[in-house]
Amino acid sequence: MASSGGLVPRRPSYRLSVRRAVFVIGACAWAACVAQVYAQDAVSAMQSTDAKLPPWARAENARALAARPGARLTRAAVDPTSSAGTNIDDDTPKFSNDKPQFNELLSPQGVAIDPVERRLYVTDTARQSVFAETREGELRKVGSGFMVPQAVAVDGTGNVYVADSQAGVIYKVTPDGTQSTVGSGFYMPMSVALDGVGNVYAADPWNGFVARIAPDGTQTNLGSGYNSPVGVAVDGLGNVYVADTYNAVVYKIASDGTQTTVGSGFVAPMYVAADAAGNVFVTDTGTESVVRIDPTGSVTTIKSGLNVPIGLALDRDSKLYVVDSFSRKIIRIDAK
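This is a predicted model, so every value here is computed, not measured. (Residues numbered from 1 in each chain as written. Predicted model: local features only at pLDDT ≥ 70, side-chain atom pairs only at ≥ 80, totals over all residues. Heavy atoms only, no water.)

(A) How the structure looks around the overall build of the protein chain. In terms of helices and strands, the protein chain carries 4 helices and 24 strands. Within the protein chain, counting contacts between residues at least 6 apart in sequence, those at least 24 apart form 46% of the total. As displayed, the protein chain has an accessible area near 13,300 Å², and 49% of this comes from carbon and sulfur atoms. (Helix = DSSP H or I, 4+ residues; strand = E, 2+ residues; numbered from the N terminus. Contact = heavy atoms within 4.5 Å. Areas by Shrake-Rupley, 256 points an atom, 1.4 Å probe, with all protein chains shown as cover.)

Here you go:
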């Protein structure tokens, strides 16, 4: 891993506090409308302990620990001397928020790109809705009845998949609006991804597993040793990438099941995306940045100074769309 001074090292206790608070904020999307009121308190809480979190965050933390006793004690320490790479061309503008219609979102979390129409889809947990960009540049709702639509993915035929973290299920919405459940039994699915043969992938950090749901509904757990897997992505070769927030690493699971670590030294890696060249992109909410892991394992910061970056999606022109949740924006970054 590249280890030049792109990120300022922090003390281990600080990192653990940041990772704890940030992850709870992201995972507590069901209270996103309340989070708008507590936004300033929540930002301060990233540098504090659980006792100083807003009431809704403390309640969700208690819920998580009740579901996974001892989860807090199994977090891996982060090396305070580690770095997630150097910032490249920091003085050159590399992003633009050229989607003004998305500025009306209250609590954006997940984002996806339609691989055919190349339009954006985004989840708004405060409005309990998933929005799609129309040909006219407006927004329309997709599906209905969501509790907390945390993440979204779109396949090549226009089917939309939604991870509803509060309902504990993965929904499928067809182009004609038919809505069905394709995966259930989760405690809090935080991400959803697709491969080229019809499989659906979801990560459940509270139960500590990543699942693959086959077209016939068969559900299989992938990988092992997770602490809190939040983000999942699949590349064109069928390799699965998992961002494990509390272990502060990104794993790769090859098609033969081999599991390796492809990136470490993060504070709170949340979501991932992968391109055809073997690059992996990660939102590190603990450092308010987006990083790239190249095929050699070198990690480079491609954008910093964000405000709780969460979901991200990559289009075929190597444009990366990042949900900067507390600024309520969708930011475009040139990922080349």
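(B) A look at the packing of aromatic side chains. Within the structure shown, the criterion is met by 3 aromatic pairs. For the pair phenylalanine 186 and phenylalanine 209, a centre-to-centre distance of 5.7 Å together with 20° between the ring planes defines the contact as stacked. Linking phenylalanine 186 in the loop between β9 (179-183) and β10 (191-194) with phenylalanine 209 in strand β12 (residues 209-213), this pair joins segments that are 23 residues apart in sequence. Judged by relative accessible area, which is 8%, phenylalanine 186 ranks as buried. Judged by relative accessible area, phenylalanine 209 falls into the buried class, the value being 14%. Ring geometry for tyrosine 226 and tyrosine 251: centres 5.7 Å apart, planes at 65°, overall edge-to-face. A residue pair is termed long-range when its members are at least 10 positions apart, and tyrosine 226 in the loop between β13 (219-222) and β14 (229-234) and tyrosine 251 in strand β16 (residues 249-253) qualify at 25 residues. (Phe/Tyr/Trp six-rings, centres within 6.5 Å; stacked < 30°, edge-to-face > 60°. Buried < 20%, exposed > 50% of the residue type's maximum accessible area, 1.4 Å probe, protein only.)

(C) The arrangement of the nonpolar core in detail. Ranked by size, the top nonpolar core spans 20 residues in total, and within it Tyr271, Phe281, Val290, Leu312, Leu320 and Ile333 carry the most contacts. Of all the secondary structure elements, the ones that give two or more residues to this core are β18 (269-274), β22 (309-314), β23 (319-324) and β24 (329-334). With sequence-adjacent residues up to four places away left out, tyrosine 271 is seen in contact with Gln150, Met190, Ser191, Val230, Gly231, Ala243, Phe281, Val282, Thr283, Ile310, Gly311 and Leu312. (Core = buried A, V, L, I, M, F, W, Y, C linked by side-chain atoms within 4.5 Å.)

(D) Fine view of the sheet that holds strand β6 (residues 149-154). Taking strand neighbours across the sheet as the criterion, the 4 strands line up as β6-β7-β8-β9 in an open arrangement whose pairing is antiparallel. Pairing within the sheet leaves two strands with one partner each, and these edge strands are β6 and β9. Each neighbouring strand pair of the sheet contributes to a mean axis angle of 30°, computed without reference to strand direction. Where strand β8 (residues 169-173) and β9 come together, 4 bridges link them in antiparallel fashion. Bridge pairing in β9 links tyrosine 171 to threonine 181. (Pairing = 2+ DSSP bridges. Axes fitted to C-alpha atoms, helices over the stretch in contact; angles between N-to-C directions.)

(E) Quick look at the pairing of strand β20 (residues 289-293). Burial within β20 is extensive, with 5 of its 5 residues counted as buried. The alternating pattern of β20 places Ser289, Val291 and Ile293 and Val290 and Arg292 on opposite faces, both of which are buried. Bridging between strand β19 (residues 280-284) and β20 involves 5 bridges; their strand directions are antiparallel. Across the sheet, valine 282 pairs through a bridge with valine 291, a residue of β20. Of the pairings in the sheet, the one linking β20 to strand β21 (residues 299-303) comprises 4 bridges and is antiparallel in character. Looking across to β21, one finds that valine 290 is bridged to lysine 303.

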